[in-house]
Amino acid sequence: MIRKYLLSLYKNAEKQKEKSIRAALAQIAPAGIFLDLGCADGRKTLWWAKAAKAKKILGIEILRAAAKRDRAKNIDVFVADIDKAKWPVQDSSVNCVFSNLLVEHLTDVDHFISESQRVLKKGDYTIVSTNNLASWHNLISLLFGWAPFDLTNSSPKVWSIGNPLVIHKQEKLFYPETYIHKCVYTTRWLKEWYELYGFKLISVRGSGYYPLPAFLGNIDKTHAAFITLTFKKV
């Protein structure tokens, strides 16, 4: 029963996060050339591009099977390792670099931010939506000596370890090679990191506030379950 309740909270937070993403994209629209990083099967990429009023949709995906699905949706997708390789996109050619639940999977965040800076046109935007290490459910887990909820998927052998209340333990892994979280960040952490590469934080949106209603995450953004950050290349 507890896990079922936690799962419902998570789903509500996810829905609120998607609203936050659409609002962030609408704020910068029209985006012109839109680049989605880690676009999976492309279904949500089309949502985000529509919200940004994009004229052209690009994607980078590490998995060839996922990229094939993207191309079937008319997304111009490249197969590349976002975490390590130089992105196959020209310098200063993109109006919006977007990622949803990606940065927490990476090992080289400096490379990720540097490449975002390289491909973006001056004055344009990158939007990053990710889990929040400072969310109450992660902080309380640490008080009990448990792994933060958002770092329990740390091994490719099992979905979740280190926390007795994990909600995804029995779920099927569709892409086991890419689901592992390497690190989870806070707003200030990412803000200062992006500033090192010439970005300015424009807006912060929060989503999810366990166990309270998800919209409260956009009031107390510091402790929201998810954060959506908009940066401008200056």
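Residues numbered from 1 in each chain as written. Predicted model: local features only at pLDDT ≥ 70, side-chain atom pairs only at ≥ 80, totals over all residues. Heavy atoms only, no water.

## Observations regarding a nonpolar patch on the surface
Logical step 1: Taken together, the side chains of W136, L139, I140, L142, L143 and F144 define a hydrophobic patch exposed on the protein surface, amounting to about 620 Å² of accessible area.
Logical step 2: Structurally, L142 is set in helix α5 (residues 136-143). (Patch = residues over 30% accessible without salt bridge, like charges linked within 9 Å, V, L, I, M, F, W, Y side chains within 5 Å. Areas by Shrake-Rupley, 256 points an atom, 1.4 Å probe, with all protein chains shown as cover. Salt bridge = Lys/Arg side-chain N within 4 Å of Asp/Glu carboxyl O. Helix = DSSP H or I, 4+ residues; strand = E, 2+ residues; numbered from the N terminus.)

## Considerations on the packing of aromatic side chains
What describes a pair of aromatic rings is the distance from one ring centre to the other and the angle between the planes of the rings.
Logical step 1: The full count for this structure, using the stated rule, is twelve aromatic pairs.
Logical step 2: When the ring of Y185 is compared with that of W189, the centres are 4.8 Å apart and the planes differ by 75 degrees; the resulting orientation is edge-to-face.
Logical step 3: On the basis of relative accessibility, which here comes to 37%, the residue W189 falls in the partly exposed class.
Logical step 4: Put simply, the rings of F34, W47, W48 and F98 touch in pairs and so form one group of aromatic residues.
Logical step 5: The lysine or arginine in question, K17, covers the ring of F226, its NZ or CZ lying 5.5 Å from the ring centre. (Phe/Tyr/Trp six-rings, centres within 6.5 Å; stacked < 30°, edge-to-face > 60°. Buried < 20%, exposed > 50% of the residue type's maximum accessible area, 1.4 Å probe, protein only. Lys NZ or Arg CZ within 6 Å of the ring centre and 35° of its normal.)

## So, the sheet that holds strand β3 (residues 76-79)
Hydrogen bonding along the main chain pairs the strands of a sheet, whether they run parallel or antiparallel.
Logical step 1: One open sheet holds the seven strands; their spatial order is β3-β2-β1-β4-β5-β7-β6, and the pairing between them is mixed. On the outer flanks of this sheet lie β3 and β6 (199-207), each paired with one strand and no other. Each neighbouring strand pair of the sheet contributes to a mean axis angle of 15 degrees, computed without reference to strand direction.
Logical step 2: Those strands touched by helix α2 (residues 43-51) are β1 (32-37), β2 (54-61) and β4 (94-100), and its axis lies near 145 degrees from that of β1. (Pairing = 2+ DSSP bridges. Axes fitted to C-alpha atoms, helices over the stretch in contact; angles between N-to-C directions. Contact = heavy atoms within 4.5 Å.)

## Observations regarding the pairing of strand β7 (residues 226-233)
Logical step 1: Among the eight residues of β7, seven are classified as buried, and the element is accordingly described as predominantly covered.
Logical step 2: Two strands pair when backbone bridges link them, and strand β5 (residues 120-131) and β7 are joined in this way by seven bridges, in the antiparallel orientation. Each residue of the ladder has a partner; that of Y125, found in β7, is K232.
Logical step 3: In terms of strand pairing, β6 meets β7 through eight bridges, oriented antiparallel. Within the sheet, the bridge partner assigned to L201 lies in β7 and is F231.

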